[in-house]
Amino acid sequence: MADTDHSAGEAVAARIERRWAILSVSIIGVLVGMAIFIGIHKATMPQGRVETSDARTLHLAGEFVESNLGSALESDGSVTVRAIGQQYSFTPQCIVVPAETPIILRTTSADVVHGLLIEGTNINTMLVPGYVAELPIRFKAPGEHVMPCQEFCGIGHQGMWGKVKVVDKAAFAKLAAARRRLTCVD
Ligand code: CUA
């Protein structure tokens, strides 16, 4: 009698142990899956991919020269927005983008560390001199969003504000047909 009790207890223990082993391995599997997903979709913050820029020559050559700042319509229909932060403003001060369109925001700083936050979205990044911050955005509907600097950057920090104006897709396409780089700074 005592012997059968013993082996029944062993079988129960083995079954519970197997369940826990499966659960542990599944948790590891989920975590590995999440790491792979955020890696592929560049959803980590900070990102694993580091891109540098030279704050000393930003205005003179390369991607962030003034004539290249603003919104550009790409051949695949997406939009790339390039902007820089400097004490104490953003250039462009007002960013215009279409609704319902994949947008890549590429920004950097020309001097000290600034922050860029677009109200009503999950866009919130630091602009670090020497590095490019790249973020994907998509706006559902036309409207306006304020874009304050959210990192203390000096005496004029509280006055460093920008704006994002989201217009409908057709209106943006019309604007983009007339100009290579768009802003809503008049
Ligand atoms: Cu720029 Cu605070």
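Residues numbered from 1 in each chain as written. Predicted model: local features only at pLDDT ≥ 70, side-chain atom pairs only at ≥ 80, totals over all residues. Heavy atoms only, no water.

Asker: Teacher, can you tell me more about the side chain of Thr101 here?
Answerer: In this structure, Thr101 sits in the loop between strand S4 (94-98) and strand S5 (103-109). At 2.8 Å, the side chain of Thr101 forms a polar contact with the backbone oxygen of Ala99. Once you skip the residues sitting within four places of it in the chain, Thr101 turns out to touch Gly77, Ser78, Val79, Ile137, Arg138 and Lys169. (Helix = DSSP H or I, 4+ residues; strand = E, 2+ residues; numbered from the N terminus. Polar contact = N/O pair within 3.5 Å; in protein donor to acceptor, adjacent residues only side chain to side chain. Contact = heavy atoms within 4.5 Å.)

Asker: I tried to follow empty space enclosed by the protein on my own but got confused; where do I start?
Answerer: Any empty space left between the atoms is revealed when a probe the size of a water molecule rolls over them. Evaluation of the coordinates by the stated rule reveals one cavity of 30 Å³ or more. There is about 40 Å³ of room inside the largest cavity. For the largest cavity, the full set of lining residues is Val81, Ile95, Val97, Ile103, Leu105, Ile118, Ile137, Phe139 and Val164. Tallied by class, residues from the lining of the largest cavity come to nine nonpolar, no polar and no charged. (1 Å grid on protein atoms, 1.4 Å probe; cavity = no way out; pocket = protein on both sides within 12 Å on 5 of 7 lines; lining within 4 Å. Points joined across faces, edges and corners; volume = space filled by probe spheres on them. Nonpolar A, V, L, I, M, F, W, Y, C, P; charged D, E, K, R; others polar.)

Asker: When you look at the pattern of salt bridges in this model, what are you seeing that I'm missing?
Answerer: Any two side chains of opposite charge can pair, on the condition that their charged atoms come close. Evaluation of the coordinates by the stated rule reveals seven salt bridges. Taken together, the salt bridges that share partners define one network made up of Glu51, Glu63, Arg82, Arg106 and Glu134. (Salt bridge = Lys/Arg side-chain N within 4 Å of Asp/Glu carboxyl O.)

Asker: Would you explain the sheet that holds strand S10 (residues 161-167) in this entry?
Answerer: The pairing of strands in a sheet happens through backbone hydrogen bonds and is either parallel or antiparallel. One open sheet holds the three strands; their spatial order is S4-S10-S9, and the pairing between them is mixed. Pairing within the sheet leaves two strands with one partner each, and these edge strands are S4 and strand S9 (143-148). Ignoring which end each strand starts from, the neighbouring axes of this sheet average 20° apart. Packed on one face of the sheet, helix H2 (residues 169-178) meets S4 and S10 and runs near 115° to S4. (Pairing = 2+ DSSP bridges. Axes fitted to C-alpha atoms, helices over the stretch in contact; angles between N-to-C directions.)

Asker: Would you take a moment to explain a nonpolar patch on the surface for this structure?
Answerer: A contiguous nonpolar surface patch, about 780 Å² in accessible area, is contributed by Val12, Ile16, Trp20, Leu23, Ile27, Val30, Leu31 and Met34. Mapped onto the elements of the fold, Ile16 is located in helix H1 (residues 2-40). Residue Ile16 is classed as partly exposed on the basis of its relative accessible area of 40%. (Patch = residues over 30% accessible without salt bridge, like charges linked within 9 Å, V, L, I, M, F, W, Y side chains within 5 Å. Areas by Shrake-Rupley, 256 points an atom, 1.4 Å probe, with all protein chains shown as cover. Buried < 20%, exposed > 50% of the residue type's maximum accessible area, 1.4 Å probe, protein only.)

Asker: Help me out: how do you make sense of the nonpolar core in this one?
Answerer: The nonpolar side chains of a soluble globular protein tend to be buried with one another. One finds Val97, Leu116, Ile118, Phe139 and Val164 to be the most contacted residues of the largest nonpolar core, which totals 29 residues. Only strand S2 (79-86), S4, S5, strand S8 (133-137), S10 and H2 provide two or more residues apiece to this core. Leu58, Phe64, Ile84 and Ala110 belong to the second largest nonpolar core, which has six residues in total. (Core = buried A, V, L, I, M, F, W, Y, C linked by side-chain atoms within 4.5 Å.)

Asker: Would you explain unusual backbone geometry in this entry?
Answerer: A negative phi angle is the norm for most residues apart from glycine, just as the trans form is the norm for most peptide bonds. Note the cis peptide between Gln87 and Tyr88, where omega equals -5°. Residue position: Tyr88 is located in the loop between S2 and strand S3 (89-91). A cis amide bond links Thr91 to the next residue, Pro92, at an omega of -5°. Inspection of the secondary structure assignment puts Pro92 in the loop between S3 and S4.

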